[in-house]
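Analysis of the macromolecular model
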Amino acid sequence: MNRRLERVNAASLRVALVATAAFAVVYAIVAALIVVLVTNNLQSQIDTRLTSAVSAVKSGTPLNAQDFLSTSMNGDLSSPSLLAWGVFDDGTIDWATLRNWRGPLPSSVLSANQPTTAMIGRGTMRVASVSVPGGHVVFAAALQPVTQTRDTIAFTELIVGIVLLGVAFIGALYGDRRVGAPI
């Protein structure tokens, strides 16, 4: 009788491990999908703001830092996370919404007609540029909030996943032993 109970316990352990592994795979796929969708959604929102700012310049928004900061296109330009630079054709900066901006912008951002990712200063940003007489207006938005949100979601999913895997394993083990005990 004791030998049968050992076999039931061993079999229930195997079944619980397999069920937990299957659950872990499904959970990992769903968690990764959530991270990708949220990251893409947040980046899409930034891209929309950049495209709106470029469109505003094309439609005649004044070209100096104070006008950009005081202009409100549905709140897009009044946000401190949307930056703008007026750049001459030779690459020198005429004005910037960042106080004490030092240094040139990478030349690649001057030709960024569509939102693209670039390093500006020490940060990764989404940038878009529009040509104007005598130069360019470059808009940028930091990707740090997107990265922080992505990391927070991934960390939360990891903690929740560990707890759920533990609960799934214990539940499967308990259920298998209950089912197998009468045998």
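For clarity, every value in this text was computed on a predicted model and none was experimentally measured. (Residues numbered from 1 in each chain as written. Predicted model: local features only at pLDDT ≥ 70, side-chain atom pairs only at ≥ 80, totals over all residues. Heavy atoms only, no water.)

**Details of the overall build of the chain**
Counting its regular elements, the chain contains 4 helices and 5 strands. The N-to-C order of helical and strand elements in the chain reads α-α-β-β-α-β-β-β-α. Classification of the 183 residues of the chain by burial places 32% in the buried group. A separation threshold of at least 6 residues defines the contact pool for the chain, and within that pool the share at least 24 residues apart is 57%. Of the roughly 11300 Å² of accessible surface on the chain, a fraction of 62% belongs to carbon and sulfur atoms. (Helix = DSSP H or I, 4+ residues; strand = E, 2+ residues; numbered from the N terminus. Buried < 20%, exposed > 50% of the residue type's maximum accessible area, 1.4 Å probe, protein only. Contact = heavy atoms within 4.5 Å. Areas by Shrake-Rupley, 256 points an atom, 1.4 Å probe, with all protein chains shown as cover.)

**Here's the deal with the nonpolar core**
In terms of nonpolar packing, the biggest core is built from 16 residues, with Ile46, Leu50, Val57, Val137 and Phe139 touching the most fellow members. Counting only elements with at least two residues in this core, the list comes to helix 1 (2–58), strand 1 (82–88), strand 4 (123–132) and strand 5 (135–142). Among the elements that make up this core, the one with the highest residue count is helix 1 (5 residues). In this structure Ile46 touches Arg126, Ala141, Ala142, Leu143 and Val146, once residues within four positions along its chain are discounted. (Core = buried A, V, L, I, M, F, W, Y, C linked by side-chain atoms within 4.5 Å.)

**Quick notes on the packing of aromatic side chains**
Within this structure, the stated rule accounts for 1 aromatic pair. Where Phe23 meets Tyr27, the ring centres are 6.3 Å apart and the plane angle is 25°; that geometry is what we call stacked. Remark: Tyr27 and Phe23 occur in helix 1; sequence separation between them is 4 residues, near one turn of the helix. (Phe/Tyr/Trp six-rings, centres within 6.5 Å; stacked < 30°, edge-to-face > 60°.)

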